[in-house]
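Okay, here's what each chain looks like letter by letter:
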Amino acid sequence: MQKKPSKITILGIGNILYSDEGIGVYCIPFLEEIYADCEDVDVVYGATDGMMLLATVEDAEKLLIIDAINAAAEPGTIIHLQGDEVPKYVGVKMSIHQLGFSEVLVAANFREQYPEQIVMIGMQPFSLELHADVTEQGKEVAKQLILEVRKQVDEWRQNQ
């Protein structure tokens, strides 16, 4: 009997009203198209849903989060965090909505329903100004973010 593939959840979070803060959400339609026929991959538009994402996180065996990440790096830098590097405690604010999502991770961990593997791939924003669209520079970097997401999904699939 062949083992069932692990469930991979790709979760795009961010606030689309603050330019590049919405980069995770911006990538979701492209990823939905790429993984439309993949039963082992769920692509989720998380936006700023906070605790409403708890079931999504708890159901994921492998969770890949896409977000803007303030790592004090050059704008456009792609940041890759995994495992314990992904903050799951209140107090670290890596983006302007991160506190709410950190609480989701805290709750999932407390309930012992934390994903087996977790990765966060993001971009140091070019702008966080009030503007309902990702910057043109951010849209260019989004292409690389999507490639990084695909690499991670492929790696997880190969290691099953």
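A brief report on the enclosed structure follows. Remember, predicted model here, so these are calculated numbers, not experimental data.

Thoughts on the nonpolar core
And then number 1: Core analysis: the biggest nonpolar cluster contains 23 residues, and Ile-10, Ile-23, Cys-27, Leu-31, Leu-64, Val-149 and Val-153 have the highest contact counts within it.
And then number 2: Membership of the second largest hydrophobic core comes to 21 residues, among which are Ala-60, Leu-63, Ile-65 and Met-120.

A look at the sheet that holds strand 2 (residues 41–47)
And then number 1: Read across the open sheet, the 5 strands follow the order 2-1-3-5-4; overall the sheet is mixed. Looking along the sheet, the strands with just one partner apiece sit at the ends: strand 2 and strand 4 (78–82). Averaged over all adjacent pairs, the angle separating strand axes in this sheet is 15°, with direction ignored.
And then number 2: One ladder, built from 6 bridges, connects strand 1 (residues 8–13) with strand 2; its direction is parallel. Its bridge partner being in strand 2, Ile-13 is matched across the sheet by Ala-47.
And then number 3: Running over the sheet, helix 4 (residues 136–158) touches strand 1, strand 2, strand 3 (62–68), strand 4 and strand 5 (117–123) and is turned about 165° from strand 5.

Description of the packing of aromatic side chains
And then number 1: Across all of its chains, the model carries 1 aromatic pair by this definition.
And then number 2: With 5.5 Å between their ring centres and 55° between their planes, Tyr-26 and Phe-30 make a pair best called tilted. Separated by 4 residues within a single helix, Tyr-26 and Phe-30 lie in helix 1 (residues 23–34), roughly one turn from each other.
And then number 3: According to the relative accessible area criterion, Tyr-26 is partly exposed, its value standing at 23%.

With respect to the pattern of salt bridges
And then number 1: Across all of its chains, the model carries 7 salt bridges by this definition.
And then number 2: The salt bridge involving Asp-40 is made with Arg-157; its shortest N-O contact spans 2.8 Å. One end of the pair, Asp-40, is in the loop between helix 1 and strand 2; the other, Arg-157, is in helix 4, with 117 residues separating them in the sequence.
And then number 3: By relative accessible area, which is 14% here, Asp-40 ends up buried.
And then number 4: Its relative accessible area of 28% is what places Arg-157 among the partly exposed residues.
And then number 5: Salt-bridge contacts for Lys-139 lead to Asp-133; the nearest nitrogen and oxygen are separated by 2.9 Å.
And then number 6: Among the charged side chains, a network of salt bridges with common partners joins Asp-133, Glu-136 and Lys-139.

Notes on the pairing of strand 2
And then number 1: Of all 7 residues making up strand 2, 5 are buried, and the element is well covered by its neighbours.
And then number 2: Each parallel crossover has a hand, and the one from strand 1 via helix 1 to strand 2 is right-handed.

Conventions used here
- Residues numbered from 1 in each chain as written.
- Predicted model: local features only at pLDDT ≥ 70, side-chain atom pairs only at ≥ 80, totals over all residues.
- Heavy atoms only, no water.
- Core = buried A, V, L, I, M, F, W, Y, C linked by side-chain atoms within 4.5 Å.
- Buried < 20%, exposed > 50% of the residue type's maximum accessible area, 1.4 Å probe, protein only.
- Pairing = 2+ DSSP bridges.
- Helix = DSSP H or I, 4+ residues; strand = E, 2+ residues; numbered from the N terminus.
- Axes fitted to C-alpha atoms, helices over the stretch in contact; angles between N-to-C directions.
- Contact = heavy atoms within 4.5 Å.
- Phe/Tyr/Trp six-rings, centres within 6.5 Å; stacked < 30°, edge-to-face > 60°.
- Salt bridge = Lys/Arg side-chain N within 4 Å of Asp/Glu carboxyl O.
- Right-handed = clockwise from strand over helix to strand, strands pointing away.

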